[in-house]
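# Per-entry structural report
Each chain is listed here by its residues.
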Amino acid sequence: MSGTVVMDEQMMKRALTRIAHEIIERNKGVEDCVLVGIKTRGIHLAERLKEKIESIEQVTVPVGELDITMYRDDLEKKHTTGEPVVHSKNLSLDINNKKVIVVDDVLYTGRTVRAAMDAIMDNGRPTQIQLAVLIDRGHRELPIRADFVGKNIPTSSSEKISVELQETDQFEQVTINK
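Calculation rules
Residues numbered from 1 in each chain as written. Predicted model: local features only at pLDDT ≥ 70, side-chain atom pairs only at ≥ 80, totals over all residues. Heavy atoms only, no water. UniProt positions renumbered as here; feature names shortened; annotations may be inferred. Helix = DSSP H or I, 4+ residues; strand = E, 2+ residues; numbered from the N terminus. Polar contact = N/O pair within 3.5 Å; in protein donor to acceptor, adjacent residues only side chain to side chain. Expected span 1.5 Å × (residues − 1). Buried < 20%, exposed > 50% of the residue type's maximum accessible area, 1.4 Å probe, protein only. Pairing = 2+ DSSP bridges. Axes fitted to C-alpha atoms, helices over the stretch in contact; angles between N-to-C directions. Salt bridge = Lys/Arg side-chain N within 4 Å of Asp/Glu carboxyl O. Right-handed = clockwise from strand over helix to strand, strands pointing away. Phe/Tyr/Trp six-rings, centres within 6.5 Å; stacked < 30°, edge-to-face > 60°. Lys NZ or Arg CZ within 6 Å of the ring centre and 35° of its normal. Parallel < 35°, antiparallel > 145°, perpendicular 65-115°, else oblique. Left-handed = near helix turned anticlockwise from the far one by under 90°. Contact = heavy atoms within 4.5 Å.

The name given to the protein in an unreviewed UniProt entry is Bifunctional protein PyrR, and the organism recorded there is Jeotgalibacillus alimentarius. Within the UniProt record for the protein, the comment given under Subunit (unreviewed entry) is "Homodimer and homohexamer; in equilibrium." Here the protein is described in UniProt, under the heading Sequence similarities (unreviewed entry), as follows: "Belongs to the purine/pyrimidine phosphoribosyltransferase family. PyrR subfamily."

As structure tokens, then:
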């Protein structure tokens with residue numbers, strides 16, 4: 001995708017390494033922590049954080065995938081043709097009495113995170129929910145902030161942030177497009 005590159009592959013790796021260290025530090029280790037990646041790119045970032053945390057702490061961190069489609073408050077806008085596809089809302093891991101760290105690529109209005117929190121609460125009762133994002137671009141519509149941020153990139157409402165990952169796009173970069 002064209003646009004101005006604001007993070008290349010090395011910058012993304014460094015940001016994820018820093019986030020992994022911050023997660024460990026804030027939680028005084030990773031005991032009782034689970035990573036939950038928001039589909040699509042959040043799950044890949046969660047897997048990368050898991051690997052980094054495990055290499056630092058030598059402890060396995062469970063990772064779950066969360067599809068928040070049915071929790072979106074703009075479902076009607078997103079699916080204008082036909083019926084929406086119902087995806088499983090169940091997480092594949094136990095989140096009861098765990099610190100759940102939600103992982104996503106871009107934090108924008110906060111609506112995706114709100115939907116993720118609703119889905120998580122429908123799946124159990126965590127002791128805490130934290131948020132890790134690769135990019136925070138501002139423009140919040142809800143009172144939500146990330147606990148761990150790879151990079152703050154102030155944008156205008158007309159600009160678009162694109163996160164490209166090897167797993168989904170065969171390329172690694174973050175671009176800003178007018």
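More follows now that the structure is in view.
Our next topic: the UniProt feature "short sequence motif: PRPP-binding" (unreviewed entry) in the protein. Feature annotation in UniProt assigns "short sequence motif: PRPP-binding" (unreviewed entry) to the following positions: residues 100-112. End C-alpha to end C-alpha, residues 100-112 measures 16 Å, and it is 15% helix and 62% strand.

The next point concerns the side chain of E172. Tracing the sequence through the fold places E172 in the loop between helix 5 (166-169) and strand 8 (173-177). Looking at E172, its side chain comes within polar contact range of the side chain of R48, at 2.5 Å.

What follows is about helix 2 (residues 41-57). The terminal C-alpha atoms of helix 2, which comprises 17 residues, lie 24 Å apart, in line with the 24 Å expected from a rise of 1.5 Å per residue. When we look at burial in helix 2, the residues that qualify are G42, I43, H44, L45, A46, R48, L49, K50 and I53. One or two residues past the end of helix 2 sits Q58, with phi positive at roughly 55°.

What follows covers the sheet that holds strand 8. Adjacent strands of a sheet pair through backbone hydrogen bonds, lying either parallel or antiparallel. Within the open sheet, the three strands sit side by side as 1-8-7. Their pairing is antiparallel. Since the sheet does not close on itself, it has two edges, and those belong to strand 1 (4-7) and strand 7 (160-164), each with one partner. Strand-to-strand twist across the sheet, computed as the mean angle between neighbouring axes with direction ignored, equals 30°. The sheet contact formed by strand 7 and strand 8 spans five bridges and is antiparallel.

As a further point, take the pattern of salt bridges. Counting across every chain of the model gives 14 salt bridges. For K50, the salt bridge goes to E54, with nearest N and O atoms at 2.9 Å. One end of the pair is K50 and the other is E54, both in helix 2 and four residues apart, which spans about a single turn. One network of salt bridges, with partners in common, ties together R26, R145 and D147.

The next point concerns the pairing of strand 5 (residues 128-136). A regular strand carries its side chains on alternate faces of the sheet. Across the nine residues of strand 5, seven count as buried, placing the element largely inside the fold. Here strand 4 (residues 99-107) runs beside strand 5; their pairing, made up of eight bridges, is parallel. Within the sheet, the bridge partner assigned to I101 lies in strand 5 and is Q130. Between strand 4 and its parallel partner strand 5, the chain crosses via helix 4 (residues 111-123), and the hand of that crossover is right-handed.

Moving on: the packing of aromatic side chains. Under the criterion given, the structure shown has zero aromatic pairs. Lying across the ring of Y108, R137 places its NZ or CZ 3.9 Å from the centre.

Once that is clear, we can look at the packing of helix 1 (residues 9-26) against helix 2. Relative orientation of the contacting elements helix 1 and helix 2 amounts to 60°, with a least axis distance of 9 Å. In terms of orientation, helix 1 and helix 2 fall into the oblique class. Judged by the twist between their axes, the crossing of helix 1 over helix 2 is right-handed. Between helix 1 and helix 2, the residues in contact are M12, K13, L16, T17, I19, A20, H21, I23 and I24 and L45, R48, L49, K52, I53, I56 and E57, respectively.

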